[in-house]
Amino acid sequence: MTDPASLLQPILRVQAAIRDAVVAACESAAEGSLHRVDRDGAGDTIYAVDRVGEERLVELFEKEVASIAPIVLLAEGLAPEGVVLPRGTDEASAVWRVLVDPIDGTRGLMYQKRSAWILAGVAPNRGKDTTLADVVLAAQTEVPLVKQHLSDRLWAIRGQGAHAERFNRLDRTMRPLHLRPSDASTIAHGFAMVSRFFPG
């Protein structure tokens, strides 16, 4: 089996390309055009801004990740069974299952109220028996607001801890970001957030 660490930089490149495409779309879009409903899926409403990330997802993963090892790509906007890459590969031959949310936090981003995230989890391909407990590599890249010049990316490989970097989109530089847990001992001075948009 391929070392999951070999997939980290390719996945981060995919996420960076999607981040840049979404930010560029937000900068150039006409007012209101990115929050129109593209379609209602079984699990989620897909907005125009979601399509920006989805449109290049398969192409980027085939080029960057499936060139290292065959994968099953599972993501919003794709068929429920996913896409096996490189194309034409048998699903049983795939080494990894890669679960992606091209934009987590669509609603806040499309109204430019808060940043969103591109999420990815990689697990050995156990077919339909694969679960989130099998994930051995996770990576997420922040999609900043148009008015925001800094954005973070974080990743973890099982057994190797969590790591982070901060990207400056003005000068295109990256610097290490040191993660630390909150020192709040109760919820009185801590922070947590749960959102349920327009519950029925």
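Participant: What am I meant to see in the overall build of the chain here?
Facilitator: Within the chain one finds three helices and 10 strands. The order of helices and strands in the chain, counted from the N terminus, is α-β-β-α-β-β-β-α-β-β-β-β-β. Across the 200 residues in the chain, those meeting the buried criterion constitute 40%. Accessible area of the chain: about 11300 Å², with a carbon and sulfur share of 53%.

Participant: Would you mind going over unusual backbone geometry with me for this structure?
Facilitator: Comment: phi is negative for the bulk of residues other than glycine, and the bulk of peptide bonds are trans. Residue Pro86 is reached from Leu85 by a cis peptide bond, and omega for that bond is -5 degrees. Unusually for a residue other than glycine, Gln112 sits at a positive phi of about 55 degrees. Assessed through its relative accessible area of 25%, Gln112 is described here as partly exposed.

Participant: Help me out: how do you make sense of the nonpolar core in this one?
Facilitator: Where a protein is soluble and globular, its nonpolar side chains tend to be buried together. In this structure, Ile11, Val22, Phe61, Ile71 and Leu73 are the most contacted members of the largest nonpolar core, which totals 40 residues. Sorting the residues of this core by element identifies helix H1 (8-28), helix H2 (48-64), strand E3 (71-75), strand E5 (96-104), helix H3 (106-110), strand E6 (116-124), strand E7 (137-143) and strand E8 (150-157) as the ones contributing at least two each. The biggest single contributor to this core is H1, with nine residues. Residues within four places of Phe61 in sequence aside, it is in contact with Ile11, Val14, Ala66, Ile71, Leu73, Leu85, Val98 and Val100.

Participant: Explanation requested: the pairing of E3 in the structure shown.
Facilitator: Within a regular strand, side chains alternate between the sheet's two faces. For E3, the buried fraction is high: five of the five residues fall into the buried class. Residues of E3 alternate between two faces, with Ile71, Leu73 and Ala75 on one and Val72 and Leu74 on the opposite face, all of them buried. Looking at chain direction, E3 and strand E4 (residues 83-85) are connected through three bridges and run antiparallel. Across the sheet, residue Val72 finds its bridge partner in E4, namely Val84.

Participant: Just to check I follow, could you spell out the confidence of the model for the chain for this structure?
Facilitator: Interpretation of this model should avoid reading the predicted coordinates in detail wherever pLDDT is low. Residues of the chain with pLDDT of at least 70 account for 89%, and the chain-wide mean is 88. Mean pLDDT across the elements of the chain bottoms out in strand E1 (residues 37-40) (65) and peaks in E7 (98).

Participant: Looking at this structure, how should I read the side chain of Glu64?
Facilitator: When you line up the elements, Glu64 lands in helix H2. Looking at Glu64, its side chain comes within polar contact range of the side chain of Arg13, at 2.8 Å. Residues within four places of Glu64 in sequence aside, it is in contact with Pro10, Arg13 and Val14.

Participant: Just to check I follow, could you spell out the sheet that holds E4 for this structure?
Facilitator: Whether parallel or antiparallel, the strands of a sheet pair through hydrogen bonds between backbone atoms. One open sheet holds the eight strands; their spatial order is E4-E3-E5-E6-E7-E8-E9-E10, and the pairing between them is mixed. In the strand order of this sheet, the two ends are held by E4 and strand E10 (173-176), each with one partner. Across the sheet, the axes of successive neighbouring strands diverge by a mean angle of 20 degrees, strand direction being ignored. As defined by bridge partners, E5 adjoins E6 across seven bridges and the pair is classed as antiparallel. Across the sheet, Asp104 pairs through a bridge with Trp117, a residue of E6.

Participant: What is the right way to read the packing of aromatic side chains from this model?
Facilitator: Two aromatic rings are characterised by how far apart their centres lie and by the angle between their planes. Counted by the stated rule, this structure contains zero aromatic pairs. Looking at Arg19, its charged tip hangs above the ring of Phe167, at a distance of 3.9 Å from the centre.

Participant: Looking at this structure, how should I read the pattern of salt bridges?
Facilitator: It is possible for side chains of opposite charge to pair when their charged atoms get near one another. What the rule picks out here adds up to nine salt bridges. For Arg13, the salt bridge identified is with Glu64, shortest N-O distance 2.8 Å. On the criterion of sequence distance, the pair formed by Arg13 in helix H1 and Glu64 in helix H2 is long-range, its members being 51 residues apart. Classification of Arg13 as partly exposed rests on a relative accessible area of 44%. For Asp134, the salt bridge identified is with Arg126, shortest N-O distance 2.7 Å. Since its relative accessible area comes to 16%, Asp134 is described here as buried. According to the relative accessible area criterion, Arg126 is partly exposed, its value standing at 44%. Put simply, Arg19, Asp20 and Arg172 are held in one network by salt bridges that share partners.

What counts as what
- Residues numbered from 1 in each chain as written.
- Predicted model: local features only at pLDDT ≥ 70, side-chain atom pairs only at ≥ 80, totals over all residues.
- Heavy atoms only, no water.
- Helix = DSSP H or I, 4+ residues; strand = E, 2+ residues; numbered from the N terminus.
- Buried < 20%, exposed > 50% of the residue type's maximum accessible area, 1.4 Å probe, protein only.
- Areas by Shrake-Rupley, 256 points an atom, 1.4 Å probe, with all protein chains shown as cover.
- Core = buried A, V, L, I, M, F, W, Y, C linked by side-chain atoms within 4.5 Å.
- Contact = heavy atoms within 4.5 Å.
- Pairing = 2+ DSSP bridges.
- pLDDT = per-residue confidence, 0-100.
- Polar contact = N/O pair within 3.5 Å; in protein donor to acceptor, adjacent residues only side chain to side chain.
- Axes fitted to C-alpha atoms, helices over the stretch in contact; angles between N-to-C directions.
- Phe/Tyr/Trp six-rings, centres within 6.5 Å; stacked < 30°, edge-to-face > 60°.
- Lys NZ or Arg CZ within 6 Å of the ring centre and 35° of its normal.
- Salt bridge = Lys/Arg side-chain N within 4 Å of Asp/Glu carboxyl O.

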